[in-house]
Amino acid sequence: MKPSHIILLALLTAVTVACSSIDCNIEGRVMCHYNIQDTQGNDITLNYPMSVSLLRTAVGTDTVYINSMSDASTFDIPMSYGADKDEIAITLHLTDSTTITDIIWARKTNIPQFESVDCAPRYHHELLEAGSTHNFIDTVIINNPKVSNDASVSNIQIHLHSIDY
């Protein structure tokens, strides 16, 4: 084997070994996990279909994210990257063709998470404050302020009025 071939082979081997695969997080967007509960804090399942819209005022449009979900007890909603406050509209579709809607808002900080220059930007969030209108929602409680990729943790608990929803 010629010396130039040995050098070329050594260079190719060094370059191949030096490049490692990038382990970018393959999970999608960071989601805020909501639990639906009664006024005593017990998990419940809704008796009516529920829709959830993302209210992105900076964009000027609303997006239906969940459409007529049946037997809802929990749901996950993506958080915005840049806004300091996110709002969602929850609509219950009652059996007599009427609907009832409440708005939930959450003030938050956006914490950039760096993995690699080759990976898409990712943000985790810390919830600072949450509230709602009160058509069928009694209170909104921040259970875990750290919003990350851990879907096993409830971030926000939605307590409904004692009316049967």
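Now for a description of the structure that goes with this document. Note that residues are indexed from 1 along each chain, following the sequence as it is written. Reporting in this predicted model follows two pLDDT cut-offs: at least 70 for local features of residues, and 80 or more for side-chain atom pairs to be given and counted; totals over whole chains, interfaces and linings ignore these cut-offs and use all residues. Hydrogens and water are ignored here; the side-chain numbers use all heavy atoms of the structure.

Turning next to the sheet that holds strand β8 (residues 137-142). When DSSP locates at least two bridges between a pair of strands, those strands are taken to pair. A run of DSSP states H or I qualifies as a helix once it reaches four residues; a run of E qualifies as a strand once it reaches two. Both are numbered from the N-terminal end. Pairing is mixed across the open sheet formed by four strands, whose spatial order is β4-β1-β10-β8. Edge positions in the sheet fall to β4 (74-78) and β8, since each of these pairs with one other strand and no more. Each strand axis lies, on average, 25 degrees off the axis of its neighbour in the sheet, ignoring direction. Looking at chain direction, strand β1 (residues 31-37) and β4 are connected through five bridges and run antiparallel. For helices, the fitted line uses only the C-alpha atoms of the stretch in contact; every axis is such a line through C-alpha atoms, and the angle between N-to-C directions lies from 0 to 180 degrees.

The geometry of an aromatic ring pair is captured by the separation of the ring centres together with the interplanar angle, meaning the angle of the planes. Only Phe, Tyr and Trp rings are paired, with Trp represented by its six-membered ring, and only when their centres lie within 6.5 Å; those with planes under 30 degrees apart are stacked, over 60 edge-to-face, the remainder tilted. Throughout the structure, instances matching the rule amount to two aromatic pairs. Look at Tyr-34 and Phe-75: their rings are 4.8 Å apart centre to centre, the planes differ by 5 degrees, and that puts the pair in the stacked class. Here the residue Tyr-34 occupies a position in strand β1, and Phe-75 occupies one in strand β4, the gap between them amounting to 41 residues. For every residue, the accessible area (1.4 Å probe, protein chains only) is compared with the maximum for its type, and the residue is labelled buried under 20%, exposed over 50%, or partly exposed between those bounds. Exposure remark for Tyr-34: the relative accessible area of 5% places this residue in the buried category. Between Tyr-81 and Tyr-123 the ring centres are 5.4 Å apart and the planes differ by 40 degrees, which places this aromatic pair in the tilted class. Here Tyr-123 lies in strand β7 (residues 122-132) and Tyr-81 lies in the loop between β4 and β5 (85-93), a separation of 42 residues in the sequence.

On to the pairing of strand β2 (residues 50-56), then. The side chains of a regular strand alternate between the sheet's two faces. In terms of burial, β2 is a largely internal element, seven of the seven residues being buried. In β2, alternate side chains face the same way, and those of Met-50, Val-52, Leu-54 and Arg-56 on one face and Ser-51, Ser-53 and Leu-55 on the other are all buried.

With that settled, consider the side chain of Thr-91. Counting through the fold element by element, Thr-91 comes out in strand β5. A 3.5 Å cut-off defines polar contacts: any pair of N or O atoms within that distance qualifies, except that in protein one atom must be a possible hydrogen donor and the other a possible acceptor, and neighbouring residues in sequence count only when both atoms are side-chain atoms. Within polar-contact distance, the side chain of Thr-91 engages the side chain of Thr-101 at 2.9 Å. Residue contacts are counted whenever heavy atoms from the two residues lie within 4.5 Å of one another. Residues in contact with Thr-91, not counting those within four places in the same chain, are Pro-49, Met-50, Ser-51, Thr-99, Ile-100 and Thr-101.

Another point: the nonpolar core. Grouping buried Ala, Val, Leu, Ile, Met, Phe, Trp, Tyr and Cys residues that are joined through side-chain atoms within 4.5 Å yields what is termed a nonpolar core. Counting 27 residues, the largest nonpolar core has Tyr-34, Met-50, Phe-75, Ile-88, Ile-90 and Ile-158 as the members making the most contacts within it. Breaking this core down by element, the ones donating at least two residues are β1, β2, β4, β5, β6 (99-113), β8 and β10 (156-160). If we ignore the near neighbours within four places in the chain, the residues touching Tyr-34 are Ser-73, Thr-74, Phe-75, Asp-76, Ile-77, Ile-88, Ile-104, Ile-156 and Ile-158.

Below, the discussion takes up unusual backbone geometry. Non-glycine residue Ser-68 carries a positive phi angle of around 55 degrees. Residue Asp-71 is not a glycine yet carries a positive backbone phi of 55 degrees.

Along the polypeptide, Met-50 turns up in strand β2. For the pair Met-50 and Leu-92, spaced 42 residues apart in sequence, the C-alpha separation works out to 4.6 Å. When near neighbours in sequence (up to four residues on either side) are disregarded, Met-50 contacts Ile-36, Ile-66, Asn-67, Ser-68, Met-69, Ala-72, Phe-75, Ile-90, Thr-91, Leu-92 and His-93.

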